[in-house]
Amino acid sequence: MCADCVMFVAAIGFNVETVQYNNIKFQVWDLGGQTSIRPYWRCYFPNTQAIIYVVDSSDTDRLMVAKEEFHAILEEDELKGAVVLIFANKQDLPGALDDAAVTESLELHKIKNRQWAIFKTSAIKGEGLFEGLDWLSNTLKAGGG
Ligand SMILES: Nc1nc2c(ncn2[C@@H]2O[C@H](COP(=O)(O)OP(=O)(O)OP(=O)(O)O)[C@@H](O)[C@H]2O)c(=O)[nH]1
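Conventions we followed
- Per chain, residues are indexed from 1 in the order of the written sequence.
- For this predicted model, a pLDDT threshold of at least 70 governs which residues receive local features, and a threshold of 80 or more governs which side-chain atom pairs are given and counted, while totals over whole chains, interfaces and linings are taken from all residues.
- Calculation of side-chain values draws on the structure's entire complement of heavy atoms; hydrogens and water are dropped beforehand.
- Here, the term nonpolar core denotes a set of buried Ala, Val, Leu, Ile, Met, Phe, Trp, Tyr and Cys residues that are joined through side-chain atoms within 4.5 Å.
- Note on exposure labels: buried denotes an accessible area under 20% of the residue type's maximum, exposed denotes more than 50%, and partly exposed covers the range between, all computed with a 1.4 Å probe on protein chains only.
- Every helix listed is a DSSP run of H or I at least four residues long, and every strand listed is a run of E at least two residues long, numbered separately from the N terminus.
- Pairs of residues are marked as contacts when any of their non-hydrogen atoms sit within 4.5 Å.
- Should DSSP find at least two bridges between two strands, the strands are taken to pair.
- With axes taken as lines fitted to C-alpha atoms, and helix axes fitted only over the stretch in contact, angles between N-to-C directions fall between 0 and 180 degrees.
- UniProt positions are given in the numbering used here, feature names are shortened, and annotations may be inferred rather than shown by experiment.
- Nearness is judged by heavy atoms alone; a residue qualifies as near a molecule or strand once a single heavy atom is within 4 Å of it.
- Each polar contact in these results corresponds to two N or O atoms within 3.5 Å; when the atoms are within protein, one needs to be able to donate a hydrogen and the other to accept it, and residues that are neighboring in sequence are counted only if both atoms are side-chain atoms.
- All accessible areas in this document rest on Shrake-Rupley with a 1.4 Å probe, and a residue is counted as covered only by the protein chains that are shown.
- Note on residue classes: Ala, Val, Leu, Ile, Met, Phe, Trp, Tyr, Cys and Pro are nonpolar, Asp, Glu, Lys and Arg are charged, and everything else, Gly too, is polar.

Q: Quick one: what's the story with the nonpolar core, residue by residue and with numbers?
A: Core analysis: the largest hydrophobic core is formed by 26 residues, its most contacted members being Ile51, Tyr53, Phe70, Ile86 and Leu106. Mapped onto this core, the elements with two or more residues apiece are α1 (3–11), β3 (50–56), α2 (60–74) and β4 (83–89). Tallying contributions element by element places α2 first for this core, with five residues. Residues in contact with isoleucine 51, not counting those within four places in the same chain, are Ile73, Leu74, Leu79, Ala82, Val83, Val84 and Leu85. Grouped together as the second largest cluster of nonpolar side chains are eleven residues, Phe87, Ala117, Trp135 and Leu140 included.

See the structure below:
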């Protein structure tokens, strides 16, 4: 780990939780999305089997930024083998883009050589989350990631 990462992880770090689902024990890091902490995402790239990318489907302006950041991390060598689950979140809000529109906005069709899926979710209502985690656990069990 580089010196900056050692300092960041020791001083601030991101929240980590262990979640057991479908006989798989997930160790999940919640990497905050603020601009100032995005450079530290890379501290968590090694040994990552899956990325869960959560976007606010109602915030069309920030979806542009989300697209850029998303494709930048997919370029990372250390994340080459990781499968990707996208949550098009905040579906409960008026004007939220559906999964097809978020797929367009994030240009998901550009993803190559990687298993990925997108699900509409509302974290607040608890909708769509298990469908996404089912896909993820099945994909990992089948050898993805
Ligand atoms: N309406 C609605 N609000 C949501 C949903 N999911 C999260 N929120 C709200 O969005 C705000 C941000 O949620 P966070 O969970 O802090 O988002 P985050 O992406 O972890 O934030 P950072 O880590 O700072 O990037 C909070 O006020 C949440 O209650 C959802 O599905 N629907």
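Q: Got a sec to walk through the sheet that holds β4? Specific residues and values, please.
A: With respect to topology, three strands assemble into an open sheet ordered β3-β4-β5, the strand pairing being parallel. In the strand order of this sheet, the two ends are held by β3 and β5 (116–120), each with one partner. Direction aside, the axes of adjacent strands within the sheet are offset by 20° on average. Sheet topology places β4 next to β5; five bridges connect them, and they run parallel. Residue phenylalanine 87 lies in a different strand from β5, and its bridge partner there is phenylalanine 119.

Q: I'd love a proper account of the side chain of asparagine 89, names of residues and values included.
A: Structurally, asparagine 89 can be placed in strand β4. Accessibility expressed as a relative area gives 10% for asparagine 89, which makes it buried. If we skip the residues at most four places from it in the chain, asparagine 89 touches Val54, Val55, Asp56, Ser57, Thr121, Ser122 and Ala123.

Q: Help me get a handle on the UniProt feature "binding site: GTP" (unreviewed entry) in the protein chain, residues and values and all.
A: When the UniProt feature table is mapped to this numbering, "binding site: GTP" (unreviewed entry) covers Gly33, Asn89, Lys90, Gln91 and Asp92. You can see glycine 33 is positioned in the loop between β2 (24–30) and β3. If sequence neighbours within four positions are ignored, glycine 33 has contacts with Arg38 and Trp41. With respect to the helices, strands and loops of the structure, lysine 90 is situated in the loop between β4 and α3 (99–105). Once residues within four sequence positions are removed from consideration, lysine 90 is found in contact with Asp56, Ser58, Ala96, Thr121 and Ser122.

Q: I'd like a description of the site of the ligand, backed by residues and values.
A: The ligand sits among Gly32, Gly33, Gln34, Asn89, Lys90, Asp92, Leu93, Ser122, Ala123 and Ile124. Between the ligand and asparagine 89 there is a distance of 3.0 Å, counted from a nitrogen atom to a side-chain nitrogen or oxygen. In isolation the ligand has 650 Å² of accessible area, and contact with the protein removes 49% of it. Partitioning the shell around the ligand into residue classes produces three nonpolar, five polar and two charged.

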